[in-house]
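# Coordinates in review
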Amino acid sequence: MVWLRFGGLTPCKTLKLPTTLPTELKCQLRLIKRNGRWEIHYTTDIQKAEKKTEGKIIGCYRGYKEVYATSSNDGARFLGNDFGKIQTEETDYRTAKQVKRNKIRSVFSKSTKKGNSAKADRIKRNNLGKIKWNNRETSFKVGFKQ
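Report on the accompanying structure. (Residues numbered from 1 in each chain as written. Predicted model: local features only at pLDDT ≥ 70, side-chain atom pairs only at ≥ 80, totals over all residues. Heavy atoms only, no water.)

What follows is about the environment of Met 1. Within the fold, Met 1 resides in the segment before strand 1 (3-7). With relative accessibility at 71%, the residue Met 1 sits in the exposed group. Spatially, the C-alpha atom of Met 1 lies 6.3 Å from that of Thr 19, the residues being 18 residues apart in sequence. Ignoring anything within four residues of it in the chain, the contact list for Met 1 reads Pro 18 and Thr 19. (Helix = DSSP H or I, 4+ residues; strand = E, 2+ residues; numbered from the N terminus. Buried < 20%, exposed > 50% of the residue type's maximum accessible area, 1.4 Å probe, protein only. Contact = heavy atoms within 4.5 Å.)

Pasting the structure below:
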């Protein structure tokens, strides 16, 4: 187990965190808090694949309607048909959701300025969270990594 040590907000107090990292890291770390959980993001070096010198040469294109289109001696293949339609539906949903969210945020800021803290607290508690938004975004991204 690797422990991380950070300078805390209080002078002369360090923050020590246990992690599940396999070994020590000598790189830049980023701590991100998402949905009440802390995540550690870091960079790693990966081995670059050697250039292929024999066998078939295949051209590959990443598009919007299909995820990938390949061309080779034996014909073209399209991978992930109707991807553009799914992506368009998702972006339209996000746009509409953000328009509504911005209206609610405007009401929140106006009620804060007027001093109506009860209304502002209700809006913040019930309407301006991002838990569902983050879960939907994660499931959308994960669905296309397979």
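In this sheet, strand 4 (residues 37-42) lies alongside strand 3 (residues 29-34) in antiparallel orientation, the contact comprising six bridges. Within the sheet, the bridge partner assigned to Arg 30 lies in strand 4 and is His 41. Remark: two residues form the turn of the hairpin made by strand 3 and strand 4, two consecutive strands paired antiparallel; Asn 35 in that turn has positive phi of roughly 50°. (Pairing = 2+ DSSP bridges.)

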